[in-house]
Amino acid sequence: MIDVEVLVIGSGPGGALTAARLAEAGRQVFVLEEGDWIEVGEHEPFSLDQMEAQYRNAGQTVALGRPPIIYTEGRGAGGGSEVNSGLYHRPGPELLDDWARRFAIRDLSERDIVEHSREIEKTLSVGTVPGAVTPASSVIERGGAALGWATREVPRWMVYGETSDAGDGERQTMTRTYLPRAREAGATIMTGVHVDRLVKRGRRIVEVRATKRLAPGISEPLRFRPEHVFVCAGAIQTPALLQRSGLRTNVGRTLAVHPMVKAVARFDDAINVPDDVPVHQVKEFAPNISIGGSASGPGLLGLALAPEWARFAEVTADWEHSSLYYAATRTQGHGRVQALPFLDDPLVTYRLTRGDGKMLVHALERMVHLLFAAGARRVYPSVAEAVELRTAADLTELGQRLKLRDLNLMTVHLCSSVPMGEDRARAGVDSFGRIHGFDNVRVNDASLLPEAPGLNPQGTIMAIASRNCAAFLAGAR
Amino acid sequence: MRALPERAVAGFTDALIAERFPFLDADQQASTSTFVLSRWRVASQPVRLGTGAVATVLGAAAWSLAAMAGSTQGSGRDAAWGKVVHGLSRRPLPGISELSQFVVSLATAYAADRWPDAALASQAS
């Protein structure tokens, strides 16, 4: 049995920041991470190899529903920060005030958050591209300007090299920032450890049972006796672990995502930079619709055209001239995460409403208009039977035919599966992440956002996690 | 020895790739099948259980066809899988299309990544 003061489960943005904050405050911190420690650059960004090494289930994860939504989760030290696009939004005062009021969350004004955001931005070197953005990013800016829509360059956590151009940036992930800081402050980080369950007695977690992977097929059990537990395993694994441990009240019933529809756009000029993503987004319709660009290697272009890749073979053959774009939406529907007996992986389901379907089709239409306004020669929406659009007018007929089930949906933003708030009828944790009814177990990751924020959520997740650490250190309940 | 669901997914994948990706040569098809199967093995358990169950049912149908034709091994088995996949492509059945979608999506991502001009080259020839 290993005695620890603070046990942090998961080392993504929430867990890494929690470990650093608490270790630097003099707490004895032990971090358990299921995946491996993989240095930035070991795998080509957004490649099939990276998916295999750094995504949970090699990216083969889906929320079942009509239609299903493919989702991805990072797995390994640093979690999603190691594989995502690195786009950063500071949570705005309107969003925070709205959440505080509607979900009965204490101390969530901009005043309560802003210093945490500033520290995070400094640590992660958040900023815009000092040099040139990628041609695929300029497409969004150009299309927005032509249509009179508001666009903006979204800052990233990135350090730029000599050229200062977008392609010369190096992401400041958790393995580059908060995890080394946690280690320097004395934290222990153990990788290759799957946490099986938390053992509760009364209002406390008295033991954490885990399995350490030693070699393929060989493992050993580990037991920890923690004073405090922070569960930071992400919006799918956190509720699954809590459910396996018998903590089920308002856990896993309100998963929220930003489903996105995608389209391939083909241009006369070469625009594709396969190992980078566009930094511009259309904000005209935010927070309900956000339009941006995705990683666009030939494999991802082909995937967007599946099952009609062969019909549009020129897209991948001539991949330098094409890029992938997305329109992400907020939804009224919700998902569920359910731990299943005898299985490690939970069942994830998501139910979209008819209104969500209309919103997604509407978002797709706007994206297609944007791409043609930016000079696209052809646009291929990623729908069940892929079609080639030659003008924006072609979309009118398609839009009338499209049903929700025809859309190929995916998401990389998962949250709200253990929402915070003082209303015990709705919230799984209190205003600072402590599980209702328990004294020493907290959630500090994307799970506790009360709803999907309508923007890249990592900045919001980290700012709230930092605030929760401060409250914990100050002894607030 | 592979477990039954894995054998069934492998048989289905080989046949579907042969049907849907005729422009890939035999080595490319084999490599693509290997990739799809490797990703199926690490897919989330609910995905694996669901697709494995569907493939097993289809495998039983393929085995029956092969048995009726007098050969449940080698080329007889492959031909039976081909008939099953061909039949499904003409008349998609609810619940089974997810398995086809799973295989085709992964196969497309891999093949387009490794041989981005393969499909175009076949059109030219």
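Residues numbered from 1 in each chain as written. Chains lettered and ligands numbered in written order. Predicted model: local features only at pLDDT ≥ 70, side-chain atom pairs only at ≥ 80, totals over all residues. Heavy atoms only, no water.

Peer 1: What is the right way to read the domain arrangement of chain A from this model?
Peer 2: Interface size is commonly expressed as the accessible area that is lost once the parts come together. Residues and elements named next belong to chain A. Taken domain by domain, chain A consists of domain 1 (2-37 + 76-125 + 172-252 + 415-473) and domain 2 (130-169 + 259-411). Each of domain 1 and domain 2 has a C-alpha centre, and the two are 30 Å apart. Listed per partner, the contact involves 27 residues of domain 1 and 22 residues of domain 2. Counting the surface lost from both domain 1 and domain 2, the interface buries some 2000 Å², and carbon and sulfur atoms represent 54% of this. (Domains from an automatic or database assignment. Contact = heavy atoms within 4.5 Å. Buried area = accessible area lost by both parts, 1.4 Å probe.)

Peer 1: Explain helix 12 (residues 458-473) of chain A here, please?
Peer 2: Since there are 3.6 residues in each turn of an α-helix, residues three or four apart along the chain are aligned in direction. Taking 1.5 Å of rise per residue, 16 residues should cover 22 Å, and helix 12 of chain A covers 22 Å from first to last C-alpha, within 8% of that figure. Backbone geometry just after helix 12 of chain A places A:Gly475 at a positive phi near 85°. (Helix = DSSP H or I, 4+ residues; strand = E, 2+ residues; numbered from the N terminus. Expected span 1.5 Å × (residues − 1).)

Peer 1: What am I meant to see in the interface of chain B and chain A here?
Peer 2: Taken together, the contact pairs 30 residues of chain B with 30 residues of chain A. For the pair chain B and chain A, the summed buried area comes to about 2300 Å², and 67% of that belongs to carbon and sulfur atoms. Applying the counting criterion to the chain B and chain A interface returns 1 salt bridge. The partner of B:Arg39 in a salt bridge is A:Glu52, and the shortest N-O contact between them spans 3.6 Å. For the interface between chain B and chain A, the tally reads 7 residue pairs in polar contact (both at pLDDT 80 or more). Breaking the side of chain B that touches chain A down by element, the ones donating at least two residues are helix 2 (26-42), helix 3 (45-68), helix 5 (97-114) and helix 6 (118-124) of chain B. Top element by residues in the side of chain B that touches chain A is helix 5 of chain B. It accounts for 12 residues. Counted by class, the side of chain B that touches chain A contains 19 nonpolar, 6 polar and 5 charged residues. (Salt bridge = Lys/Arg side-chain N within 4 Å of Asp/Glu carboxyl O. Polar contact = N/O pair within 3.5 Å; in protein donor to acceptor, adjacent residues only side chain to side chain. Nonpolar A, V, L, I, M, F, W, Y, C, P; charged D, E, K, R; others polar.)

Peer 1: Which parts of the structure should I look at to understand the nonpolar core?
Peer 2: Inside soluble globular proteins, nonpolar side chains tend to come together where they are buried. Counting residues in each nonpolar core, the largest one holds 120 residues, and the members touching the most others are A:Leu198 and A:Leu407. In terms of residue count, helix 10 (residues 354-373) of chain A provides more of this core than any other element does, 9 residues in total. Among the domains, domain 1 (2-37 + 76-125 + 172-252 + 415-473) and domain 2 (130-169 + 259-411) of chain A are the pair contributing at least three residues each to this core. When residues no more than four places from it in sequence are discounted, the contact partners of A:Leu407 are A:Pro67, A:Val261, A:Leu360, A:Val361, A:Leu364, A:Ser382, A:Val383 and A:Leu402. If you look at the next biggest cluster of nonpolar residues, it comprises 51 residues, including A:Ala386, B:Ala62, B:Val104 and B:Ala118. (Core = buried A, V, L, I, M, F, W, Y, C linked by side-chain atoms within 4.5 Å. Buried < 20%, exposed > 50% of the residue type's maximum accessible area, 1.4 Å probe, protein only.)

Peer 1: Whenever I open this one, the packing of helix 1 (residues 4-20) of chain B against helix 5 of chain B confuses me. Can you help?
Peer 2: Helix packing geometry: the angle between the two helix axes and the distance between the axes. All names here are of chain B. It is the contact of helix 1 with helix 5, at a shortest axis distance of 10 Å, that shows an interaxial angle of 65°. Helix 5 is crossed by helix 1, and the crossing has right-handed handedness. Seen from helix 1, the contacting residues are Phe12, Thr13, Leu16, Ile17 and Arg20; seen from helix 5, they are Leu99, Ser100, Val103, Val104 and Ala107. (Axes fitted to C-alpha atoms, helices over the stretch in contact; angles between N-to-C directions. Left-handed = near helix turned anticlockwise from the far one by under 90°.)

Peer 1: What's the story with the pairing of strand 1 (residues 2-9) of chain A in this structure? I'm lost.
Peer 2: As a general feature of sheets, a regular strand has side chains that alternate between the two faces. All names here are of chain A. The element strand 1 is largely enclosed, with a buried count of 6 among its 8 residues. Pairing geometry for strand 1 and strand 2 (residues 29-33), over 4 bridges, is parallel. Bridge pairing in strand 2 links Val6 to Val29. A crossover links strand 1 with its parallel partner strand 2, the connecting element being helix 1 (residues 13-24), and its sense is right-handed. (Pairing = 2+ DSSP bridges. Right-handed = clockwise from strand over helix to strand, strands pointing away.)

Peer 1: What exactly am I supposed to notice about the side chain of A:Ser382 here?
Peer 2: As for its position among the elements, A:Ser382 is in the loop between strand 20 (378-381) and helix 11 (394-401). Given a relative accessible area of 6%, A:Ser382 falls into the buried group.

Peer 1: Quick question: what am I supposed to make of the pattern of salt bridges here?
Peer 2: Any two side chains of opposite charge can pair, on the condition that their charged atoms come close. All names here are of chain A. Counting across every chain of the model gives 30 salt bridges over all chains. A salt bridge links Asp36 to Arg213, with the shortest nitrogen-to-oxygen separation between them at 2.6 Å. Of the two residues, Asp36 sits in the loop between strand 2 and helix 2 (48-54) while Arg213 sits in strand 11 (residues 204-215), which places them 177 residues apart along the sequence. Overall, the relative accessible area of 40% leaves Asp36 in the partly exposed class. The salt bridge involving Glu73 is made with Arg56; its shortest N-O contact spans 3.7 Å. Of this pair, Glu73 sits in the loop between strand 4 (69-71) and helix 3 (93-102) while Arg56 sits in the loop between helix 2 and strand 3 (61-63), and the two are 17 residues apart along the sequence. Residue Glu73 is classed as buried on the basis of its relative accessible area of 9%.

Peer 1: For this particular structure, what's the right way to read the sheet that holds strand 7 (residues 156-160) of chain A?
Peer 2: Adjacent strands of a sheet form backbone hydrogen bonds with each other and so pair up, either parallel or antiparallel. Residues and elements named next belong to chain A. Ordered by their spatial adjacency, 3 strands build an open sheet running 5-7-8, and the pairing between neighbours is antiparallel. Looking at strand neighbours, the two that pair on one side only are strand 5 (126-127) and strand 8 (169-171), the edges of this open sheet. Two strands pair when backbone bridges link them, and strand 7 and strand 8 are joined in this way by 3 bridges, in the antiparallel orientation. Across the sheet, residue Val159 finds its bridge partner in strand 8, namely Glu170.

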